[in-house]
Amino acid sequence: MEELALDFAKVKAIVENYSEKVDSLIDGYIDRKEQLISLLQDVQEEYNYLPQDVLIKISQKLEIPLSQVFSVATFFRAFSLKPRGRHLVTVCLGTACHVRGGQRLVDKIERDYGIKPGETTEDARFTLETVNCLGCCALGPVAVVDGKYESQMNSDKLDRVLRGCK
């Protein structure tokens with residue numbers, strides 16, 4: 001059996017760097033508690049989700065009840081409490097997109113990448129989400145990959161777009 005060896009100096013440096021980043025982000029909002037949403041956006045941009053320990057630290061440092069921080073973090077669909085992949089793929093399943101093949105796109109991603117909506121690939125490359133409407137029904141089916149709207153999506157186009165995600 002192989003013995004596990006940890007480089008404690010390296011682990012300590014990672015933890016300290018994480019803590020410094022978190023403190024730096026929060027400190028930028030010390031006098032602007034009313035901008036909690038902006039702080040959560042900054043945290044999510046940095047970590048690709050909202051780590052629970054960071055939400056607790058925000059509550060403590062800004063003296064905002066933890067229930068309020070979690071309420072904001074869970075109210076907005078744009079926030080995630082679970083780690084997301086490097087690339088967020090959102091497929092519209094509204095009526096117009098559904099009848100034009102939106103569900104087939106979801107099925108293809110499920111088959112090709114082994115994930116269902118709300119899940120992330122094991123290699124943390126992709127997270128799949130679905131929405132009921134993106135507001136661009138005439139362009140359907142529509143998928144949004146890393147914030148870029150891809151219209152009139154089909155299986156081949158989806159393959160090309162996802163292969164381009166490194």
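Criteria and thresholds
Residues numbered from 1 in each chain as written. Predicted model: local features only at pLDDT ≥ 70, side-chain atom pairs only at ≥ 80, totals over all residues. Heavy atoms only, no water. Buried < 20%, exposed > 50% of the residue type's maximum accessible area, 1.4 Å probe, protein only. Helix = DSSP H or I, 4+ residues; strand = E, 2+ residues; numbered from the N terminus. Arc of directions from axis to C-beta. Contact = heavy atoms within 4.5 Å. pLDDT = per-residue confidence, 0-100. Pairing = 2+ DSSP bridges.

**Focus on helix 3 (residues 52–62)**
If you check which residues of helix 3 are buried, you get V54, L55, I58, S59 and L62. Projected onto a plane normal to the axis of helix 3, the buried residues spread over an arc of 145 degrees and lie on a single side. Residues of helix 3 that are exposed and angled more than 90 degrees away from the buried face: Q52 and Q60. Once helix 3 ends, the next one or two residues include E63, with phi positive near 55 degrees.

**Digging into the environment of E119**
Tracing the chain through its elements places E119 in the loop between helix 6 (102–113) and strand 2 (126–131). Along the sequence, E119 and E129 sit ten residues apart, while their C-alpha atoms lie 7.7 Å from each other. Other than its neighbours up to four places away in sequence, E119 contacts G114, F126, T127 and L128.

**Thoughts on the confidence of the model for the chain**
Here the chain averages 87 in pLDDT, and 89% of its residues register 70 or above. Per-residue pLDDT, averaged within each element of the chain, yields its smallest value for helix 1 (residues 8–27) (68) and its largest for helix 6 (95).

**Notes on the pairing of strand 1 (residues 87–92)**
Here strand 1 lies mainly inside the structure; five of its six residues are buried. By the bridge criterion, six bridges tie strand 1 to strand 2 in an arrangement that is parallel. Paired with C92 across the bridge in strand 2 is V131. Sheet topology note: the strand 1/strand 3 (residues 143–145) ladder contains three bridges and is antiparallel. Counterpart to V91 in the pairing with strand 3 is A143.

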